[in-house]
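Below, each chain spelled out in residue letters.
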Amino acid sequence: MTEEQQLITESKGLISYFQPECSNWKCYMFGNRPEGMGMVYTPQKGQVPNRFVRFMMRICFDCLWVNGDN
C-alpha cells in the first residue's frame, strides 16, 4: 500500500494493516526445540540472518534455526 492510499484510507476512518509474507525459516529460541513449547521467531521473507549469524545464535543463545523447505 502506498503512502497516498494509506492517507486516503485513514481519512475515511478505516484502518488497514499490511501483513508481510513470512519466510520458511523458524528460530526456536533459548533452548526451545520443535517439539517444545517455548518461543518461536519467524522472520519476514528476505530478512533471514546469514549462516554465520545463525551459527553464533546457536553457540551463544542455544537458538535452533530450521528451514521449512527441507
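Right, let's walk through the structure included here. What you are looking at is a predicted structure, and each value in this text was computed from that prediction instead of being measured.

### Things to note about the pattern of salt bridges
Thought 1: Tallied over the full model, the rule gives two salt bridges.
Thought 2: Taking the shortest distance from any N to any O, the salt bridge between D62 and R33 comes out at 2.8 Å. Of this pair, D62 sits in the loop between α2 (51–61) and β3 (64–67) while R33 sits in the loop between β1 (25–28) and β2 (40–41), and the two are 29 residues apart along the sequence.

### Quick word on the packing of aromatic side chains
Thought 1: Applying the stated criterion across every chain, the model contains three aromatic pairs.
Thought 2: Geometrically, the ring pair formed by F30 and F61 is edge-to-face, given 6.3 Å between the ring centres and 85° between the ring planes. Here the residue F30 occupies a position in the loop between β1 and β2, and F61 occupies one in helix α2, the gap between them amounting to 31 residues.
Thought 3: Exposure remark for F30: the relative accessible area of 52% places this residue in the exposed category.
Thought 4: Plain terms: the ring middles of Y41 and W65 are 6.3 Å apart, the flat faces sit at 85° to each other, and that makes the pair edge-to-face. One end of the pair, Y41, is in strand β2; the other, W65, is in strand β3, and 24 residues separate them in sequence.

### Some details on the side chain of S23
Thought 1: Relative to the elements of secondary structure, S23 occurs in the loop between α1 (3–11) and β1.
Thought 2: Overall, S23 belongs to the buried group, its relative accessible area being 11%.
Thought 3: Sequence-distant contacts of S23, defined by excluding residues within four places in its chain, comprise T42, P43, Q44, K45 and V48.

### Some points on α2
Thought 1: The residue sitting at the N-terminus of α2 and contributing the capping side-chain oxygen is N50; that oxygen lies 3.2 Å from the backbone nitrogen of F52.
Thought 2: Where α2 terminates, the next one or two residues include D62, which has phi positive at roughly 55°.

### Details of the sheet that holds β2
Thought 1: The three strands are arranged β2-β1-β3 in an open sheet whose pairing can be described as antiparallel. In this open sheet, the two strands that pair with only one neighbour each are β2 and β3.
Thought 2: Looking at chain direction, β1 and β3 are connected through four bridges and run antiparallel. Across the sheet, the residue bridging to C27 is W65, located in β3.

### Topic: a nonpolar patch on the surface
Thought 1: Taken together, the side chains of F52, V53, F55, M56 and I59 present a nonpolar region at the surface, about 490 Å² in accessible area.
Thought 2: Position of M56 relative to the elements: it lies in helix α2.
Thought 3: When its relative accessible area of 32% is taken as the criterion, M56 is described as partly exposed.

Definitions and limits used
Residues numbered from 1 in each chain as written. Predicted model: local features only at pLDDT ≥ 70, side-chain atom pairs only at ≥ 80, totals over all residues. Heavy atoms only, no water. Salt bridge = Lys/Arg side-chain N within 4 Å of Asp/Glu carboxyl O. Helix = DSSP H or I, 4+ residues; strand = E, 2+ residues; numbered from the N terminus. Phe/Tyr/Trp six-rings, centres within 6.5 Å; stacked < 30°, edge-to-face > 60°. Buried < 20%, exposed > 50% of the residue type's maximum accessible area, 1.4 Å probe, protein only. Contact = heavy atoms within 4.5 Å. Polar contact = N/O pair within 3.5 Å; in protein donor to acceptor, adjacent residues only side chain to side chain. Pairing = 2+ DSSP bridges. Patch = residues over 30% accessible without salt bridge, like charges linked within 9 Å, V, L, I, M, F, W, Y side chains within 5 Å. Areas by Shrake-Rupley, 256 points an atom, 1.4 Å probe, with all protein chains shown as cover.

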